[in-house]
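# Residue-level structure breakdown
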Amino acid sequence: MDYDPGLPPRDHGDSNDPNPSFDHGPVAAEIEGSSNAEANHQRGRNGRAPSDLCSGGEIETEEEEEEEEGFRSPGNSGYYGEGEISSALARIEEVDDGRNSAEIWARWKHHSNEDDASASWRKRKKHFFILSHSGKPIYSRYGDEHKLAGFSATLQAIISVVEISGDHVKLIRAGNHQVVFLVKGPIYLVCISCTKEPCEELMGQLELIYGQMLLILTKSIDRCFEKNPNYDMTPLLAGTDLVFSSLVHAFSWNPSIFLHAYTCLPLPYATRQAASAILQDVADSGILFAVLMCKHKVISLVGAQDASLHPDDMLLLANFILSSESFRTTETFSPICLPRYNPMAFLYAYIHFFDVDTYLTLLTTSSEAFYHLKDCRIRIENVLSKSKVLIEIQRSILEGGLFVEDLPFGVSLQSGGVDAKMSESLSSFMGLGVPGGLWHFIYKSIYLDQYVSSEFSPPVSNSNQQKRLLRAYQRLYASMHDIGNSSHKTQFRRDNDYVLLCWITPDFELYAAFDPLADKVLAVDICNKVCQWVRDLENEIFFLGASPFSW
Amino acid sequence: MGLSSTTTVNDGIQLCIFDLRRGQQEGQELDKILFFFPAECPFSVQLSVIGLCEGIITFTRIFSPETACEVIEAEKHSHVFYQAEPDIWMVLVVEKNKDNESIWRCDSLQSILKEVHSLFKMFHGPLRALLDKQPSGELTRSHLYSFITDYLTDFHVGKKIQMPSFRDCLRERGSVQMLTISREVALEVQSLITVIGSSCVGNTACNSLVLFQDLLVSTTLSPDDTANLFTYAVLRLTPHALSSNTNSWSYLRRGTSSPNIAAASTVTNAGAAEENQNRSRDTSPGGQSQRYHIQRPLQRDKWCKGKDGFVVTDVPCAEVGGFIPLAPIVWLQQTEERMYLCVYQHKNLTIVLLIPVSSLINGEQGVALLKKQLLENASEKIVTVEQKLSRSWGGENAYHVSGYRYLFVDRDRNVSRASPPGKVTTLTKDSLLALNRLREEVDLEKSRAKRDDPDHEKDSEVCIRAKNNAWVIAKITGGRELYMVLEKASETLLYASDALEKFSNRYCDGAFSLD
């Protein structure tokens, strides 16, 4: 087993050539050797992408509202795997050398034939760019970064012209387009979007992209630019395209992005307790965080005393793990940085998938803890198997979460003083199979930093409709939270697409979507019932053992 | 150079107009500047502001060729863009102070640019036509300089210029405020209009606007022309505008005297002449420094009411015998016709009469004759109508609705009605901020919907219970918009909806009601 004191290589090709000038904080220990069956350390950038993420790729259809449709949202079943994608994958399969395959993959998915002169590139609905303060491109969602050097220089020029005048540009709006700027020391991030997302949300997404970059490199990257303003950072992020692509995709399906909260896999209280108990048991032996997750949903998590895990860090960590196929096939020990926990330092993550969806992450500050963490994992796995936790997890995945159709409303509506008109409206909506015209809801517990979202039901059935609803929630969220640190209390919004209701109290936030013709009084009543329902089920849908995050 | 360096020499605002078809050669850049406020700003600063704006316009066209840049939001400044005419841009730069008062809606600032351009066009015609007429641009610059400088005096608060902020969120610039009149009075007014209309010589009918106080009673013009002339009348012609040099726009600044405006305007005017000479040296060597007669229709104290009841301009109030007062000429957008602007005032009634220039062969003398004719034919009716309107006039708070603070806008007719300014000031800052923010959201959604599907109007309703427990409401339906704030309201959504419904039924002909 070798320990490489250099910067963790970003793909196989780089591992022999770590940039010698890179002076990062903690030394990233890496256990080399893919032949080592026990400690097969990989960064997950060996050229293969997980089927559920890469399979959709960046297919874009003009009639779609957005361009990330190709990706599959967790919770959806079935994968894309046809046409262009399969032929691209076939090409990747054909290449033995990991580096080459990574390049092919990156070239294919990146629309690298495009640049700022291409009509197709200009028509993309949402661009993300990372560039250095000297104008060197670091990342572009579409097109080859190198071909976009001129465009990148333009972005840099805009930022610096305004900076020279002693100001900082935040937003440019032109028609349906918004250009949002975020400056983080020597790193500039820019989003150009014609989606209907509010500027504040796009800014939050840039923050997350920056966080994802820190997760891979830590903030000590700034020092490279101090030494050499023209430093070229692209090699450091080589092969991480999928990590960023899947994060960008998450912006259009994952409510965690704008809620800044995480969600749990629904489980019987006793099952979650059993999982938590064994995690707690191992956490006492020098582990900083132990997290058991199923896709993007938390099963249980335990932190060392005084250590809390920010929901954004959990999101970025899960995205990093889930967007790399290699994590699924081998147990992995990898340096990662949790930007909200400590942006300057690497932690070390032991990652192991129990099955295709369920994985354990053990985080420690020690670069030499692999075998200890491996032992811990074996103990955890034994307990989870014996106590049938893994079986319960599978059952929960199959059953899904909360369905609005299951909302218990009948009894209390009859006894709750609902008038005849309301009963009439209720029954007319019941014809659609959805009580009171309720289509969907999200309930966030402020104290727990967790949310629960109902499963999508008709008529919000296809991914475009789901994305449109999520965007509507995003706007509602931004509209409710805009004023300083405080928020509005209630909002009722009716347009041609939905009736949206938001209710914020010191304990929770509720976002609910109804049929656009829904009755106002009835909608309010349904919201009350949703809150009651969630409270009745909180032992199963929330993880109650966590201490609140101190942020 | 740049934004911050300019803040020391102005009031926190910059306003520039530039033409992208000019000054594209290196060394000729100054030629693209048609107007810059403050004029004393060094050329280097003017060029850097315009350079940034031009750069951003070019940049945004990459992605949005149809609608180029509308706003740049930076930490300390907002740049609000308006493309007044093809390739002619107006940009307003406002500074964000830390006093928390500098929160505004982009649309509200843009409407200032629209307003000043519309008014300019009404008196001087399109900028492009002026530039074509005199390609050196000197004439255009001189006209713009005096016109916009005069216009900006309305935003003076003390020595500073203050742009409308969130506190003005229950007003709609550019719209017309109407007086509600009874059927009986309406008939009287109609008969007066007929008499006025027939005052014209030959078979051409005169157009007219009738105002009572600062409210419109009737118009025979198209909505756009009505809005322009109404705005102008309220700014400079109504008894209120004539009697006070105060700002007629914002209730916040009502009552502030501005004796130094005239002085300031003279000073800057002197600066302008020098500026223009400098510019002509800089941009068109060998160019003549020709002096033009600059009509200044927005200059304060330019209008005064004569003994005969006519409000005239460019003439001393003590009329010198034999001097014929000039009647300004305006352009109508609708008919592209030039009209003499003739204003008659009786007590609180102001009649704006528009006489086609083409109908009067002997020009000014024809106007004088027509005035005489008007007095003979209509003075009795004018007195009657004024009396009736005065009698039914409910005073400053006539349109106050107890418990409500509201703004109603009818986009199709370009008409608005709002709670009296004095009542709006009773709202808390939190309520006004919440409504301002809501209006901004609605503005964005409206303009997006308009771009995406111009033929289909999107209806919407938003009721927000703000942190201070006020209900802040916006309802858009069929081209009509209603914004309201209900403080001291009950906490249920149903209460807020009922309040909206009652208001709609009683004051908006049920336009916003569910049934």
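Residues numbered from 1 in each chain as written. Chains lettered and ligands numbered in written order. Predicted model: local features only at pLDDT ≥ 70, side-chain atom pairs only at ≥ 80, totals over all residues. Heavy atoms only, no water.

- An unreviewed UniProt entry annotates chain B as Vacuolar fusion protein CCZ1 homolog of Ananas comosus.
- Listed under Sequence similarities (unreviewed entry) in UniProt, the entry text for chain B is "Belongs to the CCZ1 family." (UniProt positions renumbered as here; feature names shortened; annotations may be inferred.)

- The name given to chain A in an unreviewed UniProt entry is Vacuolar fusion protein MON1 homolog, with Ananas comosus as the source organism.
- Listed under Function (unreviewed entry) in UniProt, the entry text for chain A is "Plays an important role in membrane trafficking through the secretory apparatus."
- Regarding chain A, the relevant UniProt record gives this comment under Sequence similarities (unreviewed entry): "Belongs to the MON1/SAND family."

### Digging into the overall build of chain B
- Secondary structure summary: chain B contains 13 helices and 19 strands in total.
- Counting all 515 residues of chain B, 57% fall into the buried class.
- In chain B, the proportion of contacts linking residues at least 24 apart, taken out of those at least 6 apart, comes to 64%.
- Of the accessible surface of chain B, which amounts to about 21,700 Å², a share of 50% is contributed by carbon and sulfur atoms. (Helix = DSSP H or I, 4+ residues; strand = E, 2+ residues; numbered from the N terminus. Buried < 20%, exposed > 50% of the residue type's maximum accessible area, 1.4 Å probe, protein only. Contact = heavy atoms within 4.5 Å. Areas by Shrake-Rupley, 256 points an atom, 1.4 Å probe, with all protein chains shown as cover.)

### Topic: the packing of aromatic side chains
- Per the counting criterion, the structure on display carries 38 aromatic pairs over all chains.
- Consider the rings of A:Phe333 and A:Phe370, whose centres lie 5.8 Å apart with planes at 65 degrees: the pair is edge-to-face. Here A:Phe370 lies in helix H13 (residues 370-386) and A:Phe333 lies in strand S9 (residues 332-336), a separation of 37 residues in the sequence. Accessibility classification places A:Phe333 together with A:Phe370 in one group, the buried group.
- Consider the rings of A:Phe441 and A:Trp533, whose centres lie 6.2 Å apart with planes at 65 degrees: the pair is edge-to-face. Of this pair, A:Phe441 sits in strand S12 (residues 438-445) while A:Trp533 sits in helix H18 (residues 520-541), placing them 92 residues apart in sequence.
- Of the residues examined, A:Phe441 reaches a relative accessible area of 0% and is grouped as buried.
- Ring pairing ties together the aromatic residues A:Trp121, A:Phe129, A:Phe151, B:Phe59 and B:Phe63, which thus form one cluster. (Phe/Tyr/Trp six-rings, centres within 6.5 Å; stacked < 30°, edge-to-face > 60°.)

### Considerations on the interface of chain B and chain A
- In this complex, chain B contributes 47 residues to the contact, which on the side of chain A involves 49 residues.
- Between chain B and chain A, a total of about 4,300 Å² is buried, with carbon and sulfur atoms accounting for 56% of that surface.
- The tally of links between chain B and chain A comes to seven salt bridges.
- Across the pair B:Glu461 and A:Arg494 runs a salt bridge, and its minimum N-O distance is 3.8 Å.
- In this structure, the connection of chain B to chain A is made through 29 residue pairs in polar contact (both at pLDDT 80 or more).
- Contributions of two or more residues to the side of chain B that touches chain A are made by helix H1 (3-6), helix H2 (43-63), strand S3 (71-74), helix H12 (429-452), strand S17 (460-465) and helix H13 (493-507) of chain B.
- Looking at the side of chain B that touches chain A element by element, the count peaks at eight residues for H12(B).
- Looking at the side of chain B that touches chain A residue by residue, the class counts come to 22 nonpolar, ten polar and 15 charged. (Buried area = accessible area lost by both parts, 1.4 Å probe. Salt bridge = Lys/Arg side-chain N within 4 Å of Asp/Glu carboxyl O. Polar contact = N/O pair within 3.5 Å; in protein donor to acceptor, adjacent residues only side chain to side chain. Nonpolar A, V, L, I, M, F, W, Y, C, P; charged D, E, K, R; others polar.)

### Quick word on the pattern of salt bridges
- Evaluated as defined, the whole model comprises 44 salt bridges over all chains.
- We note a salt bridge from A:Glu207 to A:Lys184, for which the minimum N-O separation is 3.1 Å. Of this pair, A:Glu207 sits in helix H6 (residues 199-217) while A:Lys184 sits in strand S4 (residues 177-184), placing them 23 residues apart in sequence.
- Among the ionic pairs, A:Arg493 bridges to B:Glu445, the shortest N-O distance being 3.2 Å. Taken as a pair, A:Arg493 in strand S14 (residues 490-494) and B:Glu445 in helix H12 lie in two separate chains rather than in one.
- A residue is classified by how much of its surface remains accessible, and A:Arg493, at 8% relative accessible area, is buried.
- Members of the salt-bridge network, linked through shared partners, are A:Glu200, A:Arg493, B:Arg437, B:Glu441 and B:Glu445.

### Things to note about the environment of A:Phe370
- According to the relative accessible area criterion, A:Phe370 is buried, its value standing at 2%.
- Along the chain, A:Phe370 and A:Ala349 lie 21 residues apart, while their C-alpha atoms are 8.9 Å from each other.

### Quick look at the sheet that holds strand S1 (residues 13-19) of chain B
- On the basis of which strands lie adjacent, the open sheet formed by ten strands has the order S2(A)-S1(A)-S5(A)-S4(A)-S3(A)-S3(B)-S4(B)-S5(B)-S1(B)-S2(B) and antiparallel pairing. Lying at the two open borders of the sheet, with one neighbouring strand each, are strand S2 (137-140) of chain A together with strand S2 (33-37) of chain B. The sheet shows a mean angle of 10 degrees between the axes of neighbouring strands, direction not considered.
- Note: S1(B) against S2(B), four bridges, orientation antiparallel. Following the sheet pairing, B:Cys16 is matched in S2(B) by B:Phe36.
- Running at roughly 40 degrees to S4(A), H6(A) makes contact with strand S1 (126-132), strand S3 (169-174), S4 and strand S5 (187-193) of chain A of the sheet. (Pairing = 2+ DSSP bridges. Axes fitted to C-alpha atoms, helices over the stretch in contact; angles between N-to-C directions.)

### A word on the environment of B:Met339
All names here are of chain B.
- Inspection of the secondary structure puts Met 339 in strand S13 (residues 338-346).
- Taking C-alpha positions, Met 339 is 8.3 Å from Pro 328, a pair spaced eleven residues apart along the chain.
- If we skip the residues at most four places from it in the chain, Met 339 touches Asn 207, Pro 328, Ile 329, Val 330, Leu 332, Leu 354, Ile 355, Pro 356 and Val 357.

### Notes on the sheet that holds strand S11 (residues 358-364) of chain A
All names here are of chain A.
- With antiparallel pairing, the five strands of this open sheet are ordered in space as S8-S7-S11-S10-S9. The outermost strands of the open sheet, each flanked by one partner alone, are strand S8 (297-303) and S9. Strand after strand, the sheet turns through a mean of 20 degrees between neighbouring axes, direction not considered.
- As paired elements, strand S7 (residues 289-294) and S11 share six bridges and run antiparallel to each other. For Ala 290, the partnering residue across the bridge sits in S11 and is Leu 362.
- Sheet strands touched by H13: S7, S9, strand S10 (347-353) and S11. Its angle to S11, the strand with the most contacts, is close to 145 degrees.

### As for the environment of B:Ile294
Residue and element names in this part refer to chain B.
- Mapped onto the elements of the fold, Ile 294 is located in the loop between helix H9 (260-283) and strand S10 (303-305).
- By relative accessible area, which is 21% here, Ile 294 ends up partly exposed.
- For Ile 294, the contacting residues outside a window of four places in its chain are Ser 142, His 143 and Ser 146.

### A closer look at the confidence of the model for chain A
Residue and element names in this part refer to chain A.
- Of the residues in chain A, 74% have a pLDDT of 70 or more, and the chain-wide mean is 79.
- Predicted confidence for residues 1-109 stays below pLDDT 50, and this span has 243 contacts to residues more than four positions away or in other chains.
- Long-range and interchain partners of residues 411-431, a stretch whose pLDDT sits below 50, account for 23 contacts in this model, where long-range means more than four residues apart. (pLDDT = per-residue confidence, 0-100.)

### Some points on the pairing of S11(A)
Residues and elements named next belong to chain A.
- Extensive coverage of S11 is indicated by the burial of seven of its seven residues.
- Alternating positions in S11 separate into two faces, Thr 358, Leu 360, Leu 362 and Thr 364 on one and Tyr 359, Thr 361 and Leu 363 on the other, with burial throughout.
- Note that S10 and S11 share six bridges and pair antiparallel. Looking across to S11, one finds that His 352 is bridged to Leu 360.

### Things to note about the confidence of the model for chain B
Residues and elements named next belong to chain B.
- Counting all residues, the mean pLDDT for chain B is 84, and 85% of those residues have values of 70 or more.
- Below a pLDDT of 50 lies the segment residues 1-9, which in the model reaches 23 contacts outside its immediate sequence neighbourhood of four places, other chains included.
- Across residues 246-290, where pLDDT falls below 50, the model places 71 contacts with residues more than four positions away in sequence or in other chains.

### With respect to helix H14 (residues 389-399) of chain A
Residue and element names in this part refer to chain A.
- Taken together, the buried positions of H14 are Val 389, Leu 390, Ile 393 and Ser 396. Down the axis of H14, the buried set is contained in an arc of 115 degrees. They therefore lie on one face. For H14, the exposed residues lying more than 90 degrees away from the buried face are Ile 391 and Leu 398.
- Contact partners of the buried residues in H14: helix H10 (269-283), S7, S8, S11 and H13.
- Positive phi appears at Gly 400, one or two residues downstream of H14, with a value of about 80 degrees. (Arc of directions from axis to C-beta.)

### Observations regarding H10(A)
All names here are of chain A.
- For H10, spanning 15 residues, the distance from its first C-alpha to its last is 21 Å, which sits close to the expected 21 Å at 1.5 Å a residue.
- Buried within H10 are the following residues: Thr 271, Arg 272, Ala 275, Ser 276, Ile 278, Leu 279, Val 282 and Ala 283. End-on, the buried residues of H10 take up no more than an arc of 165 degrees, which puts them together on one face.
- The inward-facing, buried residues of H10 abut S7, S8, S11, H13, H14 and H18. (Expected span 1.5 Å × (residues − 1).)

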